[in-house]
Amino acid sequence: MKATTLAQALWPRPTLARNLALVFAGSLLVALTAQTALPLPFSPVPITGQTLGVLLVGAALGSRLGFLSLLAYLVEGAMGLPVFAGGTGGIAKILGPTGGFLLAFPLAAGLVGLLVERFGLDRSFFGTLLAMLLGNALLYLVGLPWLAAWLMGAGKFGGVSALLAMGLFPFIPGDLAKALLAALLLPTAWRFLGR
């Protein structure tokens, strides 16, 4: 059984114009959330609002449109548009230390979208929380090995514990807060729509 996404509930007739508008709107939301960035002096990875945008886009648009939306976001950034954290852009950002996290964005949005489509996880607090945590886990599964490889290439790899201190531990409280926010927002949106 396939569940309806928020985008399908609000705009049920799929057309090319609708899909393009949703993909663009999703990439714009992530670009806006990326502008909230807090650099860390001990890490090349900043704290951003970006992951909240990525996972919300996946949940709201579904697996296919969520994936395409984040793919569009990466293309916009690669073209030099200032859509990445702190108003940056360019292919060097994708090839840099945060590149693995960036490249995982379409995958994480697709995963969260799939969980919403298959199981309707965005209808409840705990379901949404689970979907967001799984999406975040996927970001780390891709982002941390990339960061490790980048650090090795730069001659700065200090071992697994240093990698986790640089790319995981400082982000856990923020990721939990963003997951909790999404778990409040999405079920509330469904209640507002009357399911």
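Residues numbered from 1 in each chain as written. Predicted model: local features only at pLDDT ≥ 70, side-chain atom pairs only at ≥ 80, totals over all residues. Heavy atoms only, no water.

Some remarks on helix 6 (residues 99-119)
An α-helical turn contains 3.6 residues, so any two residues separated by three or four positions project in the same direction. Formally: Think of it this way: any DSSP run of H or I at least four residues long counts as a helix, any run of E at least two long counts as a strand, and we number them from the N terminus. A helix is expected to reach a length of 1.5 Å times the quantity of its residues less one. The seven residues ending at a residue and the seven starting there each receive a fitted axis; the angle between those axes is the bend at that residue. When a residue's accessible area, from a 1.4 Å probe over protein chains only, is under 20% of the maximum for its type it is buried; when over 50% it is exposed; and in between it is partly exposed.
With 21 residues, helix 6 should reach 30 Å at 1.5 Å per residue; the first-to-last C-alpha distance of 30 Å fits that figure. Residue F105 marks the point of greatest curvature in helix 6, where the axis turns by about 40 degrees; the proline P106 follows within four residues. The element helix 6 is largely enclosed, with a buried count of 15 among its 21 residues. Positive phi appears at G120, one or two residues downstream of helix 6, with a value of about 60 degrees.

A look at helix 2 (residues 16-34)
Defined as follows: Here, residues are in contact when the closest pair of their heavy atoms is within 4.5 Å.
Taking 1.5 Å of rise per residue, the 19 residues of helix 2 would be expected to cover 27 Å, and the 27 Å separating its terminal C-alpha atoms lies within 8% of that figure. The complete set of buried residues in helix 2 reads R18, N19, L22, V23, G26, S27, V30, A31, T33 and A34. Those residues of helix 2 hidden inside the fold are in contact with helix 1 (6-10), strand 1 (37-40), helix 3 (50-61) and helix 4 (63-78).

Thoughts on the pairing of strand 1
Applied cut-off: One requirement defines pairing of two strands: DSSP has to find at least two bridges between them.
Pairing of strand 1 with strand 2 (residues 43-48) involves 3 bridges; the strand directions are antiparallel. By the bridge assignment for strand 2, L40 is matched with S43. Linkage of strand 1 to strand 2, two consecutive antiparallel strands, is achieved through a turn of 2 residues.

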